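Residues per chain, in single letters:
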Amino acid sequence: MVYEVDVRSYFDADGNGVGDLDGLRARLGYLELLGIDVVWLEPSPSADHHTVDPRFGDRTAFDALAETAQEFRMQLVADLVRDDGPPLRHQRSDRLRLALNPVLRSTPFDAAAVQKAVQHSLDTRAESAWSLGHHDVSRAVTRYGGGAAGLARARAMALVTLALPGTVHVYQGEELGLPDVDRAAEARARVPLPWEDQPPGFGFTAGVPWFPPPAEYGQRAVARQLEDVHSTFSLYRRAIELRRAHVRGAEAELEWYGAPAGCLAFRPKGSPLVCALNTSEVTVSLPPGDIVLTSDRIGGRELAPDTAAWLV
C-alpha cells in the first residue's frame, strides 16, 4: 500500500503554517494505523517540481524522517533536489514499481465502464498501480457528484480499487472522504489535512495554515474518524487489512461474474474474495458468500445503489 503525501499539506510541526518533513515524521503512526507500507513524497508545485523543497526541511530532517520510517517498517520514496554534497544517509538504489495507472481517475461511476477500464488495463499492462486520487485531478467525492452521493460512490469505488491485484495508491485525504475546495485546479487537492475539528488550523498547524481548510473539513477530521467504526477512515483501514489476507500477486487475473445491469462482480483469481459493485438505481441481490465488508450499511443479502461489498 502506497500513501502519496503532499508535504506542505500533511502536518506542520514548527507552527509556520506550512507542512514540513518533521510534521510528516510526527504523523507516521497514523499511516501505520491505516496500514501503509510505502510513503511517497509527491512533487512540490514549486522548487522546479522537486519534492524536497527547502521550505519543508533540510537534509537532516529528511534523514530523520527516513530513519523513523524504517522504524515503522515503511519505505520512503521521494524526488530529490538536494547539490554536489554527499548522498543522503538513507538513500538507496532499490527500485519500486510505482508507475501510476490513471484509468480509474477518469472512469465514470458506471459498472460497465469500470469493468472495461480495469480489464483493458490488465490486458495491456504487466503490472498496475491503481489510484482514485492525485493532486492534479478532482477528488473522488467531488468527481462522483459531491455531497452524500459523491461520498457513497467514492467509498464504493475504494472497495473496488482495493480488491484489484497490483499496487494501490491512496492520495492523502482520500481515506477521510475529503471533497474538493474552491481553488485553482492545480491546488484543489492540496488543501491541508484536518486533524482536529476546530478552525482555523484544524490541528494541521498551531499557526495560520497556508490555505485554511473549509469548515466542512472539520466534520471529516481525523480525530472524528479514528474511533468511528463507520467512518471512511475505518473503511479504508479494514479494507487494507483484508486486502493483505486475500489479494495477493501483482500480476493476478480477475474472474468476472454475471451481474445485473448497472452492477459488476469479480474476484482475483485464486482468492476467495468477491467484490460486488452496484452503480444502478435499484437494490440488487448479492452473490453467494459471507459478507465481510460493505461501503455502506446494508441489510440481509441486498446491495443498495452506490454501494460495494466484499464477500468470502
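Residues numbered from 1 in each chain as written. Predicted model: local features only at pLDDT ≥ 70, side-chain atom pairs only at ≥ 80, totals over all residues. Heavy atoms only, no water.

1. A short note on the packing of aromatic side chains
The full count for this structure, using the stated rule, is eight aromatic pairs. Here the aromatic rings of Y3 and Y10 are separated by 6.3 Å at their centres, their planes lie at 75°, and the arrangement is edge-to-face. With relative accessibility at 0%, the residue Y3 sits in the buried group. On the accessibility criterion, Y10 (1% relative accessible area) is buried. Each member of the aromatic cluster is reached from another via a ring pair, and the members are Y3, Y10, F11, Y30, W195 and F233. Over the face of the ring belonging to F11 we find R27, whose NZ or CZ atom lies 3.9 Å from the ring centre. Sitting above the plane of the W195 ring, R27 keeps its charged end 5.1 Å from the centroid. (Phe/Tyr/Trp six-rings, centres within 6.5 Å; stacked < 30°, edge-to-face > 60°. Buried < 20%, exposed > 50% of the residue type's maximum accessible area, 1.4 Å probe, protein only. Lys NZ or Arg CZ within 6 Å of the ring centre and 35° of its normal.)

2. What about the layout of surface pockets?
Of the volumes computed, that of the second largest pocket is approximately 430 Å³. Lining of the second largest pocket is provided by 21 residues; of these, R155, H230, S231, T232 and S295 occupy positions nearest its centre. Residue assignment for the lining of the second largest pocket shows that the elements contributing at least two residues are α7 (147-162), α9 (232-246) and β10 (291-294). Of the residues contributing to the lining of the second largest pocket, the split by class is seven nonpolar, eight polar and six charged. (1 Å grid on protein atoms, 1.4 Å probe; cavity = no way out; pocket = protein on both sides within 12 Å on 5 of 7 lines; lining within 4 Å. Points joined across faces, edges and corners; volume = space filled by probe spheres on them. Helix = DSSP H or I, 4+ residues; strand = E, 2+ residues; numbered from the N terminus. Nonpolar A, V, L, I, M, F, W, Y, C, P; charged D, E, K, R; others polar.)

3. With respect to empty space enclosed by the protein
Roughly 70 Å³ of volume is contained in the largest cavity. If you go around the largest cavity, you meet 13 residues; those closest to its centre are L132, V168, H169, V170 and Y236. Sorting the residues of the lining of the largest cavity by element identifies β4 (129-131), α7 and β5 (167-171) as the ones contributing at least two each. Looking at the lining of the largest cavity, the element that brings in the most residues is β5, giving four residues. Here the lining of the largest cavity is composed, by residue class, of eight nonpolar, four polar and one charged. Along its surface, the second largest cavity is lined by L132, A140, V141, L151, A154, R155, A158, E174, G177, T232 and Y236. For the lining of the second largest cavity, the secondary-structure elements that each account for two or more residues are α6 (140-143), α7 and α9.

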